[in-house]
Amino acid sequence: MAKIIVVTSGKGGVGKTTTSAAISMGLALSGKKTVVIDFDIGLRNLDLIMDCERRVVFDFVNVIQGDASLNQALIKDKRCEKLFILPASQTRDKDALTKEGVEKILNELSETFDYIICDSPAGIEHGAQMALYFADEAIVVTNPEVSSVRDSDRILGILQSKSRRAEQGSSVKEHLLITRYDTARAAKGEMLSVTDIVDILAVPLLGVIPESSSVLTASNQGTPVILDLKSNAGQAYADAIRRFEGEDLEMRFIKPVKKGILSRVFG
């Protein structure tokens, strides 16, 4: 039986789809058969980051409405044989996602996959609620700014009250992932620190992804940044995967780097 993980946030532009791509790739590379589903109906981006946009023939909504089978819509990643992508529709309305239809697909996927990653749209609209409802675990992505953290707190409230697990009297296991973190700015008080964010949201910290140009470069190249292990961001996502699977790792990229005298003089 697969574990269903939603990657979510209250605010747009925090790196949710980047995280979904990295987390799904990381789990697949660790040997777990993984499928990542794009729930952002009408505004799909996951296929671009996964470099499979030209291979999309059928999509999530096609399967729900019976126009295609699940096997017809699933796209196998070219870099990792254990990773599959189920793209969103660019032409349908978000209301095309029905609770019954989504549940049927998730149940079918659960028979053959270890992990189902749900790339949720931002906010609390219909597509996001569909992704959140069925989650066993949630990775809440936030930036170190007040508005992003506040919106993430709202999402945590929905997970605790409106998910299927909440209806059944249990709870969704929550993880916090901080993205676009700049240690120098945090040290100057220009953005929230890791401690501030963890204190506000009171959710176990899965990882801190440093601000890095490699994230944009990887996205533009259609490559999950976790494959770029020369970059700090790639290493941070790899660390997050190991923590997710139970390893106790020290958190990197949360303290300012001390510069030597040559760095201070010559920049």
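Structural notes, computed from the coordinates. (Residues numbered from 1 in each chain as written. Predicted model: local features only at pLDDT ≥ 70, side-chain atom pairs only at ≥ 80, totals over all residues. Heavy atoms only, no water.)

### A short note on the overall build of the protein
Of the regular secondary structure elements, the protein holds 13 helices and eight strands. For 267 residues, the compact-globule estimate of 2.2 N^0.38 gives 18 Å, and the protein sits close to it at 18 Å. If one aligns the C-alpha atoms of the protein with their principal axes, the spans along those axes are about 65 × 40 × 35 Å. Residue pairs at least 24 apart in sequence account for 74% of intrachain contacts in the protein once pairs closer than 6 positions are excluded. Here the protein has roughly 12,700 Å² of accessible surface; of this, 48% comes from carbon and sulfur atoms. Both charge centroids of the protein, one from 33 positive and one from 36 negative side chains, sit 5 Å from each other. (Helix = DSSP H or I, 4+ residues; strand = E, 2+ residues; numbered from the N terminus. Rg over C-alpha atoms; globule rule 2.2 N^0.38 Å. Contact = heavy atoms within 4.5 Å. Areas by Shrake-Rupley, 256 points an atom, 1.4 Å probe, with all protein chains shown as cover. Lys, Arg positive; Asp, Glu negative; His and termini not counted. Charge placed at Lys NZ, Arg CZ, Asp CG, Glu CD.)

### Regarding the sheet that holds strand β8 (residues 205-210)
Through backbone hydrogen bonds, the strands of a sheet pair up, either in parallel or in antiparallel fashion. The strand order across the open sheet built from eight strands is β3-β4-β2-β5-β1-β6-β7-β8, with neighbouring strands paired in mixed fashion. What marks the edges here is a single partner per strand, and that holds for β3 (75-76) and β8. Taken together, the five bridges between strand β1 (residues 3-8) and strand β5 (residues 115-119) define a ladder with parallel strand orientation. Bridging across to β5, lysine 3 finds its partner in tyrosine 115. (Pairing = 2+ DSSP bridges.)

### A few points about the nonpolar core
Ranked by internal contacts, the top residues of the largest apolar core, which has 52 residues, are Phe39, Phe60, Val102, Leu109, Ile116 and Leu159. The greatest single-element share of this core, amounting to five residues, is contributed by helix α7 (residues 146-162). Here valine 102 is in contact with Phe39, Phe60, Ile64, Leu97, Met130 and Phe134, once residues within four sequence places are set aside. Within the second largest apolar cluster, 36 residues are counted, among which are Ala28, Met50, Val141 and Ile241. (Core = buried A, V, L, I, M, F, W, Y, C linked by side-chain atoms within 4.5 Å. Buried < 20%, exposed > 50% of the residue type's maximum accessible area, 1.4 Å probe, protein only.)

### Notes on the packing of aromatic side chains
For the structure shown, the criterion picks out four aromatic pairs. Over the aromatic face of phenylalanine 113 sits the side chain of lysine 33, whose NZ or CZ is 4.8 Å from the ring centroid. Sitting over the face of the ring of tyrosine 133, lysine 99 holds its NZ or CZ atom 4.0 Å from the ring centroid. (Phe/Tyr/Trp six-rings, centres within 6.5 Å; stacked < 30°, edge-to-face > 60°. Lys NZ or Arg CZ within 6 Å of the ring centre and 35° of its normal.)

### Here we look at the packing of α7 against helix α10 (residues 194-201)
Geometry of a packed helix pair, given as the angle between the helix axes and the separation of the axes. The interhelical angle for the contact between α7 and α10, taken along N-to-C directions, is 30°, at an axis separation of 10 Å. In this view, α7 runs roughly parallel relative to α10, as classed from their interaxial angle. α10 is crossed by α7, and the crossing has right-handed handedness. Note on element contacts: α10 touches α7 through Ile197, Ile200 and Leu201, opposite Val149, Ser152, Asp153 and Leu156. (Axes fitted to C-alpha atoms, helices over the stretch in contact; angles between N-to-C directions. Parallel < 35°, antiparallel > 145°, perpendicular 65-115°, else oblique. Left-handed = near helix turned anticlockwise from the far one by under 90°.)

### Description of the pairing of β5
The element β5 is largely enclosed, with a buried count of five among its five residues. Burial along β5 is two-sided: Tyr115, Ile117 and Asp119 facing one way and Ile116 and Cys118 facing the other are all buried.

### Here we look at unusual backbone geometry
The phi angle at aspartate 51 is positive, at roughly 55°, despite the residue not being glycine. Position of aspartate 51 among the secondary structure elements: in the loop between α2 (46-49) and α3 (60-64). The residue arginine 180 is not glycine, and still its phi comes out positive at about 55°. Structurally, arginine 180 can be placed in strand β7 (residues 173-181).

### So, the side chain of aspartate 59
Relative to the helices and strands, aspartate 59 is located in the loop between α2 and α3. One buried charged residue, aspartate 59, remains without a salt bridge, the closest side chain of opposite sign being arginine 44 at 4.8 Å. (Salt bridge = Lys/Arg side-chain N within 4 Å of Asp/Glu carboxyl O.)

### Description of the packing of helix α1 (residues 16-29) against helix α12 (residues 232-244)
Running from amino to carboxyl end, α1 crosses α12 at an angle of 60°, the nearest separation of the two axes being 10 Å. Classified by the angle between their axes, α1 and α12 sit oblique to one another. Judged by the sense of rotation from one axis to the other, the crossing of α1 with α12 is right-handed. When α1 is examined against α12, the residues Thr18, Thr19, Ala22, Ile23, Gly26 and Leu27 are found in contact with a partner set consisting of Tyr237, Ile241 and Phe244. Here the residues of the contact of α1 with α12 are counted per class, giving six nonpolar, three polar and no charged. (Nonpolar A, V, L, I, M, F, W, Y, C, P; charged D, E, K, R; others polar.)

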